[in-house]
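What follows is each chain in one-letter form.
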Amino acid sequence: QKEVEQDPGPLSVPEGAIVSLNCTYSNSAFQYFMWYRQYSRKGPELLMYTYSSGNKEDGRFTAQVDKSSKYISLFIRDSQPSDSATYLCAMSVTGGSEKLVFGKGTKLTVNP
Amino acid sequence: SAVISQKPSRDICQRGTSLTIQCQVDSQVTMMFWYRQQPGQSLTLIATANQGSEATYESGFVIDKFPISRPNLTFSTLTVSNMSPEDSSIYLCSGALGYEQYFGPGTRLTVT
């Protein structure tokens, strides 16, 4: 079993849809959970990070962590064509100052 | 946040040669890392670049193949030595600032 599992998609939605992206993990020691957005031929861009369980909202983006189920989600409301990218989940035990373990990424296309 | 640049952005190299990739950060980050991103795969950590001392390598990566330097808090290099086609990949450097980790745009390497 891989440490972090992420459905690679691809996922195609119409503009304005609510998008749900998910990852599961096996290491219960993970405490920090990140979501990165990666446009084609660019480096990953940090969208959000969350510590432990709970929700965090930033504009149209909401990150949820359920440590009891070892499951994290990223919701995108009112999706826009500019949201078309690959979304990577990543996690670590002590935060960004150590190795991040990544999912494979989900490729999202938002159609106008 | 931190802004990270990498040089070169891409290169095509011949089998058996070496390439050195440079990474420059605009802030004094605590930690710097080098990752590899292969098509359809997760980002995989190659090593942690330690300032003024030898890098810490992940399982499956060795210093002779991927020598790394970090002479100060804002600069690091990764050399891919004695290249083979299997080394064709995107190489990314990252820097940690607090609990967050920021990535450069990547170096796209093709070995022929």
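Read on for an overview of the structure.

A separate point is the overall build of chain B. Counting its regular elements, chain B contains 0 helices and 11 strands. Listing each helix as α and each strand as β along chain B from the N terminus yields β-β-β-β-β-β-β-β-β-β-β. On C-alpha atoms alone, chain B measures out to a radius of gyration of 13 Å, which is about the 13 Å that the 2.2 N^0.38 rule sets for 112 residues. Taken over the C-alpha atoms alone, chain B extends approximately 40 × 25 × 20 Å along its principal axes. Taking all 112 residues of chain B together, 51% fall into the buried category. Considering only intrachain contacts with a sequence separation of at least 6, the fraction spanning at least 24 residues in chain B is 54%.

So, about the interface of chain B and chain A. With 23 residues of chain B in contact, the opposing surface of chain A contributes 22 residues. Contact with chain A buries area across many residues of chain B, yet Ser42, Tyr99 and Gln101 of chain B alone supply 31% of it, more than any other trio. Between chain B and chain A we count 1 salt bridge in total. Linking glutamate 58 of chain B and lysine 99 of chain A is a salt bridge whose minimum nitrogen-to-oxygen distance equals 3.0 Å. At the junction of chain B and chain A, the tally comes to 6 residue pairs in polar contact (both at pLDDT 80 or more). Elements supplying a minimum of two residues to the side of chain B that touches chain A: strand 4 (31-37), strand 5 (43-49), strand 9 (89-97) and strand 10 (100-103) of chain B. Of the residues belonging to the side of chain B that touches chain A, the class tally is 11 nonpolar, 8 polar and 4 charged.

Here we come to the pattern of salt bridges. Residue and element names in this part refer to chain A. All chains considered together, the criterion is met by 5 salt bridges over all chains. One salt bridge connects glutamate 45 with arginine 37, and the closest N-O pair in it is separated by 3.1 Å. Using a relative accessible area of 35% as the deciding quantity, one classes glutamate 45 as partly exposed. Taking the shortest distance from any N to any O, the salt bridge between aspartate 83 and arginine 60 comes out at 2.8 Å. Within this pair, whereas aspartate 83 is found in the loop between strand 8 (71-76) and strand 9 (85-92), its partner arginine 60 is found in the loop between strand 6 (54-58) and strand 7 (61-66), the two being separated by 23 residues in sequence. Here aspartate 83 falls in the buried class, since its relative accessible area comes to 1%.

With that out of the way, let us pick up the sheet that holds strand 3 (residues 19-25) of chain A. Residues and elements named next belong to chain A. The strand order across the open sheet built from 5 strands is 1-3-8-7-6, with neighbouring strands paired in antiparallel fashion. Strands at the two margins of the open sheet, each flanked by one partner only, are strand 1 (4-6) and strand 6. Across the sheet, the axes of successive neighbouring strands diverge by a mean angle of 15°, strand direction being ignored. Two strands pair when backbone bridges link them, and strand 7 and strand 8 are joined in this way by 6 bridges, in the antiparallel orientation. If you follow phenylalanine 61 over to strand 8, its bridge partner there is isoleucine 76.

Cut-off values and rules
Residues numbered from 1 in each chain as written. Chains lettered and ligands numbered in written order. Predicted model: local features only at pLDDT ≥ 70, side-chain atom pairs only at ≥ 80, totals over all residues. Heavy atoms only, no water. Helix = DSSP H or I, 4+ residues; strand = E, 2+ residues; numbered from the N terminus. Rg over C-alpha atoms; globule rule 2.2 N^0.38 Å. Buried < 20%, exposed > 50% of the residue type's maximum accessible area, 1.4 Å probe, protein only. Contact = heavy atoms within 4.5 Å. Buried area = accessible area lost by both parts, 1.4 Å probe. Salt bridge = Lys/Arg side-chain N within 4 Å of Asp/Glu carboxyl O. Polar contact = N/O pair within 3.5 Å; in protein donor to acceptor, adjacent residues only side chain to side chain. Nonpolar A, V, L, I, M, F, W, Y, C, P; charged D, E, K, R; others polar. Pairing = 2+ DSSP bridges. Axes fitted to C-alpha atoms, helices over the stretch in contact; angles between N-to-C directions.

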